[in-house]
Amino acid sequence: MRLATWNVGPRKGRKPLVPDLARALASAKPDVVVITDYLPDITDKPFIEALGKAGLEHRMTSQQVKSQRTVLVVSREPLAAGDIEGCDISSATKPNWLHVRTASGTEIVGFRVPIFTKRGMKQTYWEWLINEALPRLIEKPSVLLGDFNAAPTYRPLLLAVAAGWHLATPNAG
């Protein structure tokens, strides 16, 4: 399974995601794409249609909460909602989490760790992820894709690796 993830960023000025971006993303021939920091907008319809024409016709979006970004998952296979909801420690956590299951049984979690303003919130989030979410996924074919907002040496990531998870890191770029 080929996987891709892209954090589209806040898109200041609400510039639409244009079809050329979808075609460029699809040129990597991914089976699943997780797009984080996504704010659904009617102007993105051509982008979504171009993904569909490229074979990424199945999609799900996380719960939208006013003024918060979401997660969009597109796939070549049909998707079903997963059963792990994002933690509820701030208004930014649930819309930045989406657990889906592909028709072939792979668990996909698309997420973006928010930039928390209150001290200790990031640690609380990672404790939830490691102690609540990851144990429910470790025995199944599973992948987490998105914006971890952490360096590969971040202690909670190292704890996840120690628990049996593999951290994929690019060789370049």
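Throughout what follows, the structure given in this document is the object of discussion. (Residues numbered from 1 in each chain as written. Predicted model: local features only at pLDDT ≥ 70, side-chain atom pairs only at ≥ 80, totals over all residues. Heavy atoms only, no water.)

Let us now look at the overall build of the protein. A count of helical and extended segments in the protein gives 4 helices and 8 strands. The order of α-helices and β-strands along the protein, N terminus first, is β-α-β-α-β-β-β-β-β-α-β-α. Here the C-alpha radius of gyration of the protein, 16 Å, is about what a compact globule of 173 residues would show, namely 16 Å. Principal-axis analysis of the C-alpha atoms places the extent of the protein at approximately 40 × 35 × 35 Å. (Helix = DSSP H or I, 4+ residues; strand = E, 2+ residues; numbered from the N terminus. Rg over C-alpha atoms; globule rule 2.2 N^0.38 Å.)

In terms of burial, strand β2 (residues 32-38) is largely enclosed, as 7 of its 7 residues are buried. As paired strands, strand β1 (residues 3-7) and β2 are joined by 5 bridges and run parallel to one another. Directly across from asparagine 7, in β2, lies its bridge partner threonine 36. Bridge count for β2 against strand β4 (residues 70-75) is 5 bridges, and the pairing is antiparallel. (Buried < 20%, exposed > 50% of the residue type's maximum accessible area, 1.4 Å probe, protein only. Pairing = 2+ DSSP bridges.)

Buried residues of helix α2 (residues 45-53): Phe47, Ile48, Ala50 and Leu51, and no others. For α2, the buried positions fall inside an angular range of 160° around the axis, keeping them on one side. Packing partners of the buried residues in α2 comprise β1, α1 (19-26), β2, β3 (58-61) and β4. Glycine 55 sits one or two positions beyond α2 and adopts a positive phi of about 100°. (Arc of directions from axis to C-beta. Contact = heavy atoms within 4.5 Å.)

Strand order in the open sheet made by the 4 strands is β1-β2-β4-β3, with mixed pairing throughout. Across the chains shown, the open sheet's two edge strands, defined by having one partner strand only, are β1 and β3. Here the average twist between neighbouring strands, direction ignored, is 15°. (Axes fitted to C-alpha atoms, helices over the stretch in contact; angles between N-to-C directions.)

Applying the stated criterion across every chain yields a total of 8 aromatic pairs. Between the aromatic rings of tryptophan 126 and phenylalanine 148, the centroid separation amounts to 6.2 Å while the plane-to-plane angle is 35°, which identifies the pairing as tilted. Linking tryptophan 126 in helix α3 (residues 121-137) with phenylalanine 148 in the loop between β8 (142-147) and α4 (155-162), this pair joins segments that are 22 residues apart in sequence. Judged by its relative accessible area of 2%, tryptophan 126 is buried. Through successive ring pairs, a cluster of aromatic residues spans Trp97, Phe111, Phe116, Tyr125, Trp126, Trp128, Phe148 and Tyr154. Taking NZ or CZ as reference, lysine 122 lies 4.7 Å from the ring centre of tyrosine 154, over its face. (Phe/Tyr/Trp six-rings, centres within 6.5 Å; stacked < 30°, edge-to-face > 60°. Lys NZ or Arg CZ within 6 Å of the ring centre and 35° of its normal.)

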